[in-house]
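# Structural overview for review
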Amino acid sequence: MSDRIVEIQLPKLGESIVSATVVQWLKEEGDVVMKDEPILEVSTDKVNSEIPAPHAGVLTEKLAFENEELDVGAPLAKILTEKHEKVLAAAAPTTNCPMADQEEKNDFLSPAVLNLARKKGISVEELYQIKGSGQSGRVTKKDVEDFIEKPSLNNAQETPNSGIEKLPMSGLRKAIAENMVRSFYQAPHASLVAEVDVTNIMESIKANKASFMDQHGVKITITSYMIQAIAQAATKYPMVNASVDKDTILMKRFVNLGIAVSIENGVVVPVIKDCHMKDLPTIAKDVARLSDRARNNTLNQEDVQEGSITMTNFGMTGMHMGVPIIRHPEVAIVGIGSIHKTVSPISDTAFGIRQKVFLTLTFDHRVIDGIYGADFLGYIKTSLENVT
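Residues numbered from 1 in each chain as written. Predicted model: local features only at pLDDT ≥ 70, side-chain atom pairs only at ≥ 80, totals over all residues. Heavy atoms only, no water.

Let's shift gears to the nonpolar core. With 55 residues, the main nonpolar core has Met226, Ile227, Leu359, Phe376 and Leu384 as its most contacted residues. The element contributing the most residues to this core is helix H9 (residues 222-236), with nine residues. The residues touching Met226, leaving out its near neighbours within four places in the chain, are Val198, Met311, Ile336, Val357, Leu359 and Leu384. Membership of the second largest hydrophobic core comes to 20 residues, among which are Ile8, Trp25, Val33 and Leu40. (Core = buried A, V, L, I, M, F, W, Y, C linked by side-chain atoms within 4.5 Å. Buried < 20%, exposed > 50% of the residue type's maximum accessible area, 1.4 Å probe, protein only. Helix = DSSP H or I, 4+ residues; strand = E, 2+ residues; numbered from the N terminus. Contact = heavy atoms within 4.5 Å.)

For the bond from His328 to Pro329, the omega torsion is 5°, close enough to zero to count as cis. With respect to the helices and strands, Pro329 occurs in the loop between strand E18 (309-313) and strand E19 (332-336). Positive phi outside glycine occurs at Lys246, with the angle close to 55°. Along the chain, Lys246 turns up in the loop between strand E12 (243-245) and strand E13 (248-250). With a phi angle near 50°, Asp274 is a residue other than glycine that sits in the positive phi range. The topology assignment puts Asp274 in the loop between strand E17 (271-272) and helix H10 (280-295).

A few words on the environment of Arg289. Looking at the secondary structure, you find Arg289 in helix H10. With 19 residues separating them in the primary sequence, Arg289 and Pro270 have C-alpha atoms 9.9 Å apart. Among the polar contacts listed, one links the side chain of Arg289 to the side chain of Asp286, at a separation of 3.2 Å. (Polar contact = N/O pair within 3.5 Å; in protein donor to acceptor, adjacent residues only side chain to side chain.)

Now for the sheet that holds strand E8 (residues 75-81). One open sheet holds the four strands; their spatial order is E1-E8-E6-E3, and the pairing between them is antiparallel. Of all strands in the sheet, those with a lone pairing partner are strand E1 (5-9) and strand E3 (32-33), marking the two edges. Sheet analysis places strand E6 (residues 57-62) next to E8, joined by five bridges and oriented antiparallel. Of the residues in E8, the one forming a bridge with Lys62 is Ala77. (Pairing = 2+ DSSP bridges.)

Glancing now at a positive patch on the surface. There is a patch of like positive charges on the surface, built from Lys206, Lys209, Lys219 and Lys341. Inspection of the secondary structure puts Lys219 in the loop between helix H8 (199-216) and H9. Residue classification places Lys219 among the exposed residues on the basis of a relative accessible area of 64%. (Patch = residues over 30% accessible without salt bridge, like charges linked within 9 Å, V, L, I, M, F, W, Y side chains within 5 Å. Areas by Shrake-Rupley, 256 points an atom, 1.4 Å probe, with all protein chains shown as cover. Salt bridge = Lys/Arg side-chain N within 4 Å of Asp/Glu carboxyl O. Lys, Arg positive; Asp, Glu negative; His and termini not counted. Charge placed at Lys NZ, Arg CZ, Asp CG, Glu CD.)

What follows is about the packing of aromatic side chains. According to the stated counting rule, one finds two aromatic pairs in the structure shown. Centroid distance Tyr237 to Tyr372: 5.5 Å. Interplanar angle 90°. Geometry classified as edge-to-face. Taken together, the residues Tyr237 in the loop between H9 and E12 and Tyr372 in helix H12 (residues 370-385) connect sequence positions 135 residues apart. The class for Tyr237 is buried, based on a relative accessible area of 16%. An angle of 70° between the planes, with centres 6.1 Å apart, marks the rings of Tyr237 and Tyr379 as edge-to-face. (Phe/Tyr/Trp six-rings, centres within 6.5 Å; stacked < 30°, edge-to-face > 60°.)

Attention now goes to the pattern of salt bridges. Going through the model one piece at a time under the given rule, you end up with ten salt bridges. With its nearest N and O atoms 2.9 Å apart, the salt bridge here joins Arg293 to Asp303. Of this pair, Arg293 sits in helix H10 while Asp303 sits in helix H11 (residues 301-304), and the two are ten residues apart along the sequence. Through salt bridges with shared partners, one network takes in Lys278, Asp286 and Arg289.

In spatial order, the strands read E5-E4-E2-E7; together these four strands make up an open sheet with antiparallel pairing. Since the sheet does not close on itself, it has two edges, and those belong to strand E5 (48-52) and strand E7 (69-71), each with one partner. Going across the sheet, the axis of each strand differs from the next one's by a mean of 40°, ignoring polarity. (Axes fitted to C-alpha atoms, helices over the stretch in contact; angles between N-to-C directions.)

What follows concerns the environment of Leu26. Relative to the helices and strands, Leu26 is located in the loop between strand E2 (19-25) and E3. For Leu26, a relative accessible area of 23% gives the class partly exposed. The contacts of Leu26, once residues within four sequence positions are left out, are Pro38, Ile39, Leu40, Glu41, Glu50 and Arg118.

Between its first and last C-alpha atoms H9 spans 22 Å; for 15 residues at 1.5 Å apiece the expected length is 21 Å, and the two agree. Within H9, eleven of the 15 residues are buried, which leaves it mostly tucked inside the rest of the structure. For H9, the complete set of buried residues consists of Ile222, Thr223, Ser224, Tyr225, Met226, Ile227, Ala229, Ile230, Ala231, Ala233 and Ala234. (Expected span 1.5 Å × (residues − 1).)

Moving on, we come to the packing of H9 against H10. Relative to each other, H9 and H10 sit at 115°, their axes nearing to 9 Å. The crossing of H9 and H10 is right-handed. Here Thr223, Ser224, Tyr225, Ile227 and Gln228 of H9 lie close against H10, whose contacting residues are Leu280, Ile283, Ala284 and Val287. Class assignment for the residues of the contact of H9 with H10 results in six nonpolar, three polar and no charged. (Left-handed = near helix turned anticlockwise from the far one by under 90°. Nonpolar A, V, L, I, M, F, W, Y, C, P; charged D, E, K, R; others polar.)

Honestly, it's all geometry; don't read function into it.
In structure tokens, the structure reads:
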């Protein structure tokens, strides 16, 4: 290969990530690119990432296709570098511009439309399939928003006379599916459930929510209490905070707790680093910051790397109980159900209405025995019920 050409390869995007799926190309063959300018977007089971050009130059060849899954180190594209100024000068005025081509076809995509599509994980190919309502049939932001609200109607392919719709998986959804399958079949899953009385916590939140907001600038919710209790329990029972590498158990001196957050196209898991060392207000601020980034699609790789144990809250959907799947290569995940009221004994002679929640611990039985898992879950239960 000529020394004028630089080959761009898929970089390692984080711990345990060995592959990624091409979401969309942001540049076309013949385009002039600046150093560090994003040229394509890829997706893993953790987050979408833009791959920048390592040098300024002309994108001469794309070596990967949209929706193609690639291993780390796989070639993505070739760039004719900026050292060859004559080539660049000649290429710049005549650079292929898909925007201009589409404008001639009355399918011009404005920067506002492209930015919205990138944030929502919509490929350029999908944009070109949207029927535009703007002048001369151009696609508007409203068209994209309508497309997002009804993805199945826009993306689904109905088989004639069969009543069956074929809806292709997004890159993020495929990555999630592959990670879940790998985890489920590699790790023998076992689960335990505990019912926890959170009446004291809920009363404390109600009494202090206004002052907490005034003092710290964020809401206090039961999520922060759960995270703190899980982190403290993980320091006492460190096997739940480990991971497995073939026949080796990797013990970790930190507790980096991942929080599963539902977004439009799937689930992402931002990570609170060293949360065993943080107080409740700091945890609440981290929860608010990371949740906001997740829902606005602004998470970066640092936000989702190095998790050691995960918490998922399916109680937000009203479900009392669930059995989550471990996130590879972790060995444990804690599921939180919805808070429900129940009549319970409060003394030997009296009953009262209490607020309770089911906690589910799913663990890798290769690493954690049932008694150890029960002790871990019991420690969380005791911590939460003794909050004053």
